[in-house]
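# Survey of secondary and tertiary structure
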Amino acid sequence: MQQSPEHTSAPSPEKKREVVISVRNLEVGFGSKTIMKGLNLDIYKGEILGFVGGSGTGKSVLTRTILGLVQKRAGTIEAFGYDIDKIPETQHRLLERRWGVLFQQGALFSSLTVKQNVQMPMREYLKMSDRLLDEIAMMKIEMAGLNPDAADKFPSDLSGGMIKRAALARALALDPEIVFLDEPTSGLDPIGAADFDDLIATLQKTLGLTVFMVTHDLDSLYSVCDRIAALGNGHILAEGPIETMLASDDPWIRAYFHGKRARAVAGEPMRAGEEEQGKAMQTGTER
Ligand SMILES: Nc1ncnc2c1ncn2[C@@H]1O[C@H](COP(=O)(O)OP(=O)(O)OP(=O)(O)O)[C@@H](O)[C@H]1O
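What you see is a predicted model; the values in this text were computed from it and never measured.

## Here we look at the site of the ligand
As a matter of local geometry, the ligand sits amid 11 residues, with Phe 30, Ser 55, Lys 59, Ser 60 and Val 61 nearest to it. Here the shell around the ligand is composed, by residue class, of 3 nonpolar, 7 polar and 1 charged.

Structure representation (structure tokens):
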């Protein structure tokens, strides 16, 4: 199924904004399974874009495809104006320095301390003295809201919230322009999740960061996201500010934003049968 014209990610002329990542007609699949087809998405400079979709629809796969970790079957991906398929490996390495990633569960190296984890990308991409590596790592650890004494702890000694912050410190290691966060508040209690949202919003404002955040957390979507894009049936069902989501007629989006666990908002209540219809659409597309 192709996207309708209003979901083609083309910014209207009156609000032309700098695009950091541009995805066009993307097709990704594994074996006989197609995960996405004809997917278009732009991520604008300085925004926090929340990315939602039912379990297994392909949110992580899209993130990993943008990062070059999953091969696409068709389509183009531009990062910072460069078609990632048309640049040499050396330039791709330079692009990789311009983004940071927080994977689901943090993906920290268990045998390394927090400080050593944060230093990993710096050691890989930059040449600097151990003293400078230490200073910068401590700065990132602090920026991520951790106490300095967390630096010498191992991941197994950290709480879930601390692991997320340590992973964020590592994502910030190379002073990225954009960070990809895969479910950053999952597993955190509501207070920890709200604190993490505040941290993301502060970093966006103070560093001018662009944030792409895969999330199931409605509170994050309401409180920190400038725009939201919803994935379903292999393409973007709708994108825009929260008001666009609340006004959408798409069954999955209605089930998500107006369903039982949705916030009490001034939106239309669910119509009979819609919740079941939305649930039925939760899984990814199989072609
Ligand atoms: N390497 C792979 N090989 C085969 N199938 C894969 C691979 N990676 C992901 N998939 C499949 O792609 C689909 C999308 O997975 P993905 O992890 O992107 O979903 P998601 O939307 O992030 O889900 P969740 O919200 O549960 O994390 C799933 O059916 C998954 O099994």
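So that's the structure; there's more coming.
## Points about unusual backbone geometry
At Asn 25, a residue that is not glycine, the phi angle is positive and equals roughly 50 degrees. Of note, Asn 25 is situated in strand β1 (residues 19-30). Phi angles above zero are rare outside glycine, and Asp 175 is one such case at about 50 degrees. Relative to the elements of secondary structure, Asp 175 occurs in the loop between α5 (160-171) and β7 (178-182).

## Digging into the sheet that holds strand β9 (residues 227-232)
Taken in spatial order, the 6 strands make up an open sheet running β6-β7-β8-β3-β9-β10, and their pairing is mixed. Both outer strands of the open sheet, β6 (99-102) and β10 (235-240), are each paired with one neighbouring strand and no more. Taking the axes of each pair of neighbouring strands and ignoring which way they run, one obtains an average angle of 15 degrees across the sheet. Packed onto the sheet, α5 meets β6 and β7 and runs at close to 165 degrees relative to β6. The strands touched by helix α9 (residues 251-258) within the sheet are β3 (48-53), β9 and β10, with β10 carrying the most contacts at an inclination of about 50 degrees.

## Let's talk about the pairing of β10
For β10, the tally of buried residues reaches 5 of 6 residues, placing the bulk of the element in the interior. Across 5 bridges, the pairing between β9 and β10 is antiparallel. Across the sheet, the residue bridging to Ala 229 is Glu 239, located in β10. Hairpin geometry of β9 and β10 is characterised by an intervening segment of 2 residues between the two adjacent antiparallel strands and by a positive phi of about 50 degrees at Asn 233.

## Quick look at the nonpolar core
Residues Leu 49, Ile 141, Ala 166, Val 179, Val 211, Met 213 and Ala 230 are the most contacted members of the largest nonpolar core, which totals 71 residues. Of the residues forming this core, the biggest block, 7 residues, is contributed by α5.

## With respect to the packing of helix α3 (residues 114-125) against helix α4 (residues 130-143)
Between α3 and α4, the least distance of the axes is 9 Å, while the angle of their chain directions is 110 degrees. Classified by the angle their axes make, α3 and α4 are roughly perpendicular. In terms of crossing hand, the pair formed by α3 and α4 is right-handed. When α3 is examined against α4, the residues Val 114, Lys 115, Val 118, Gln 119 and Met 122 are found in contact with a partner set consisting of Leu 133, Ile 136, Ala 137, Lys 140 and Ile 141. Grouping the amino acids of the contact of α3 with α4 by side-chain chemistry returns 7 nonpolar, 1 polar and 2 charged.

## Let's talk about α9
In terms of residue burial, α9 counts as a mostly covered element, since 8 of its 8 residues are buried. Inspection of α9 places Pro 251, Trp 252, Ile 253, Arg 254, Ala 255, Tyr 256, Phe 257 and His 258 among the buried residues, and these make up the whole buried set.

## Some details on the sheet that holds strand β2 (residues 33-44)
Pairing is antiparallel across the open sheet formed by 4 strands, whose spatial order is β2-β1-β4-β5. Strands with a single pairing partner mark the edges of an open sheet, and in this sheet they are β2 and β5 (82-83). Summarising the sheet, β1 and strand β4 (residues 74-79) pair through 5 bridges and their orientation is antiparallel. Paired with Glu 27 across the strands is Ala 74, a residue of β4. Along the sheet, helix α1 (residues 59-66) contacts β1, β2 and β4; its crossing angle with β1, the most-contacted strand, is approximately 115 degrees.

## A word on α5
Taking 1.5 Å per residue, 12 residues should reach 16 Å; α5 reaches 17 Å between its end C-alpha atoms and fits that length. When you tally the buried positions in α5, you get 10 out of 12 residues, the bulk of the element. Within α5 the residues assigned to the buried category are Met 162, Ile 163, Lys 164, Arg 165, Ala 166, Ala 167, Leu 168, Ala 169, Arg 170 and Ala 171.

## Considerations on the packing of α3 against α5
Each pair of packed helices can be summarised by the angle the axes make with each other and by the distance between the axes. Packing of α3 against α5 brings their axes to within 8 Å, and their N-to-C directions diverge by 30 degrees. Here α5 runs roughly parallel to α3, going by the angle between their axes. Every pair of crossing elements has a handedness; the one defined by α3 and α5 is right-handed. On α5, the residues touching Val 114, Asn 117, Val 118, Met 120 and Pro 121 of α3 are Ala 166, Ala 169 and Arg 170. For the contact of α3 with α5, the residue count by class is 6 nonpolar, 1 polar and 1 charged.

Analysis parameters
Residues numbered from 1 in each chain as written. Predicted model: local features only at pLDDT ≥ 70, side-chain atom pairs only at ≥ 80, totals over all residues. Near = placed C-beta within 6 Å. Nonpolar A, V, L, I, M, F, W, Y, C, P; charged D, E, K, R; others polar. Helix = DSSP H or I, 4+ residues; strand = E, 2+ residues; numbered from the N terminus. Pairing = 2+ DSSP bridges. Axes fitted to C-alpha atoms, helices over the stretch in contact; angles between N-to-C directions. Contact = placed C-beta atoms within 7 Å. Buried ≥ 20, exposed ≤ 12 C-beta atoms within 10 Å, placed from the backbone. Core = buried A, V, L, I, M, F, W, Y, C linked by C-beta atoms within 7 Å. Parallel < 35°, antiparallel > 145°, perpendicular 65-115°, else oblique. Left-handed = near helix turned anticlockwise from the far one by under 90°. Expected span 1.5 Å × (residues − 1).

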